[in-house]
Every structure is written in C-alpha cells, then in structure tokens.
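Descriptive analysis of the structure
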Amino acid sequence: MASKNQGSTPRALVIEDIKVDSVIILRMLEKLNCEATVARNGKEAVDLFLKGKTFDIVLSDQDMPIMTGPEAVVKIRAMGATQVKIVGVSADFGGMEAFMQAGADVFVPKPIKFETLESMLQEVIQKKNMHG
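All figures in this text were calculated on a predicted structure; none of them were measured in a lab.

Moving on: a nonpolar patch on the surface. Residues Ile-18, Val-20 and Ile-24 make up a contiguous nonpolar surface patch of roughly 250 Å² in combined accessible area. Locating Val-20 in the fold gives a position in helix α1 (residues 19-31). Judged by relative accessible area, Val-20 falls into the exposed class, the value being 51%.

Per the UniProt record, "modified residue: 4-aspartylphosphate" (unreviewed entry) is found at Asp-61. Its place among the elements puts Asp-61 in strand β3 (residues 57-61).

On to the packing of aromatic side chains, then. As enumerated under the stated definition, the model contains 2 aromatic pairs in all. Taken together, a centroid distance of 6.3 Å and an interplanar angle of 40 degrees make the contact between Phe-99 and Phe-107 tilted. Since its relative accessible area comes to 9%, Phe-107 is described here as buried. The cationic tip of Lys-31 hangs over the ring face of Phe-114; the distance from NZ or CZ to the ring centre is 5.9 Å.

Thresholds, definitions, all that
- Residues numbered from 1 in each chain as written.
- Predicted model: local features only at pLDDT ≥ 70, side-chain atom pairs only at ≥ 80, totals over all residues.
- Heavy atoms only, no water.
- Patch = residues over 30% accessible without salt bridge, like charges linked within 9 Å, V, L, I, M, F, W, Y side chains within 5 Å.
- Areas by Shrake-Rupley, 256 points an atom, 1.4 Å probe, with all protein chains shown as cover.
- Salt bridge = Lys/Arg side-chain N within 4 Å of Asp/Glu carboxyl O.
- Helix = DSSP H or I, 4+ residues; strand = E, 2+ residues; numbered from the N terminus.
- Buried < 20%, exposed > 50% of the residue type's maximum accessible area, 1.4 Å probe, protein only.
- UniProt positions renumbered as here; feature names shortened; annotations may be inferred.
- Phe/Tyr/Trp six-rings, centres within 6.5 Å; stacked < 30°, edge-to-face > 60°.
- Lys NZ or Arg CZ within 6 Å of the ring centre and 35° of its normal.

Given below as structure tokens:
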C-alpha cells in the first residue's frame, strides 16, 4: 500500500508582479512537478487564502503595487496559515529584514536559483509527508 501522500503534488503560490520573473519561477516549479498559482500582488495572494485556497509554499516578491510582499505575509500569517512555508524573494537585501519581521520562514535573493528552489521544495514535501 502506498501512503496517501505520495501522489500529493506540492502546491506553490508565486506572488510576483513582473511577468518575466513569475514565468521563470513557474518554469522551475513545473520542472519540480509542483502545482503553481500566480498572484500579481499581495492583495491577490491574500484573497486566494481568504477563498480557502491552501498552498505548501509561497514565494513572494517584495515590492508590488497595491500590497507589498511583507504586508501580504503578515496578513496570511494572521489568517492562521502557520504551516505554509513562506519564502521572501527580493533583489534588495534590505528586503530580508522586512520579510523576516513579517513572518516569512526564509529569504532568498533574486534571481532565485533552481537548486535553492529544489531544496526548499524537498523540505516542504518531507514535512507534508510526515504530517499527512
């Protein structure tokens, strides 16, 4: 009997307003067999959580119109989404502090490397399989 989690594809939310950047991340997630959703700003991301969507990992850009990444992270965490791994992504190292204070789990500089994404996803999958 295979465990019920084996077939569960990790779900990722990419919060990114720059089309080309989100496309790059989406391609990498696809290669990693991850189901990905894109939100163009923090508000769109928060709305997805409000609608009851669940994700295993969130990759959030920092500066976006309407609502920034760190602002979205605060709201997502406040909704009780404590299990989801939130990754702050920014070309600006000042973004690290903003994301960590907001409740992100980890900060990665832009451009995000495939290996980095792969190892983060592996952690998420392991955790998912442990907790079911």
